[in-house]
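Structural features, examined
Each chain, written out:
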Amino acid sequence: HACFAQRVNLLPLGPKKTDLLDRFAEVFWVTEVVPALMREVRAYFNGGGAKENSQAWIDRRARAKLLIFKLLCDLPCSYYFVQPLAWRNKRVHKAWCGALGAAASAVSIQMTWPRSVSLEK
């Protein structure tokens, strides 16, 4: 809520304090990515608890593989966003974070795309 209040000028902060608030908020992205990555690695190895070589086991491992890739893209991006503004504003850092973010977004789109919808009707 503090970040939203700052964005709509209800919480007037200077540039340095705004940067610190943003970096503080982004720490929670790291605390989301790391446990999710551990969960998906475990799911990849045990198939989410399904019987080995069953369809559910194969499907869960395929989903885990995609999520591991996505989370491995998200982790460096979360590192990027907790860095100081001067570091984030360098072109090389923006480039790699943007590329990894685009890859993570592409995986998310692919995972949520409806499979049963036909383009031909």
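Residues numbered from 1 in each chain as written. Predicted model: local features only at pLDDT ≥ 70, side-chain atom pairs only at ≥ 80, totals over all residues. Heavy atoms only, no water.

**Describing the packing of aromatic side chains**
Applying the stated criterion across every chain, the model contains eight aromatic pairs. Each ring, one from Tyr-44 and one from Phe-45, has its centre 5.6 Å from the other, and the planes form 75 degrees; the classification is edge-to-face. In this structure Tyr-44 comes out as partly exposed when scored by relative accessible area, which is 24%. Counting every residue linked through ring pairs, the aromatic cluster contains Trp-29, Tyr-79, Tyr-80, Phe-81, Trp-87 and Trp-96. Above the plane of the ring of Tyr-44 lies Arg-61, whose end atom (NZ or CZ) is 4.0 Å from the centre. (Phe/Tyr/Trp six-rings, centres within 6.5 Å; stacked < 30°, edge-to-face > 60°. Buried < 20%, exposed > 50% of the residue type's maximum accessible area, 1.4 Å probe, protein only. Lys NZ or Arg CZ within 6 Å of the ring centre and 35° of its normal.)

**Focus: the environment of Val-82**
Examined against the element boundaries, Val-82 turns out to sit in the loop between helix 3 (55-81) and helix 4 (85-88). For the pair Val-82 and Glu-26, spaced 56 residues apart in the sequence, the C-alpha separation amounts to 6.0 Å. Leave out the neighbours within four places in its chain, and Val-82 touches Arg-23, Glu-26 and Val-27. (Helix = DSSP H or I, 4+ residues; strand = E, 2+ residues; numbered from the N terminus. Contact = heavy atoms within 4.5 Å.)

**Describing the packing of helix 2 (residues 15-46) against helix 3**
Here helix 2 crosses helix 3 at 155 degrees, and the two axes come no closer than 8 Å. What the angle tells us is that helix 2 and helix 3 run roughly antiparallel. Both helix 2 and helix 3 take part in a crossing whose hand is left-handed. Residue composition of the contact of helix 2 with helix 3, grouped by class: 19 nonpolar, two polar and seven charged. (Axes fitted to C-alpha atoms, helices over the stretch in contact; angles between N-to-C directions. Parallel < 35°, antiparallel > 145°, perpendicular 65-115°, else oblique. Left-handed = near helix turned anticlockwise from the far one by under 90°. Nonpolar A, V, L, I, M, F, W, Y, C, P; charged D, E, K, R; others polar.)

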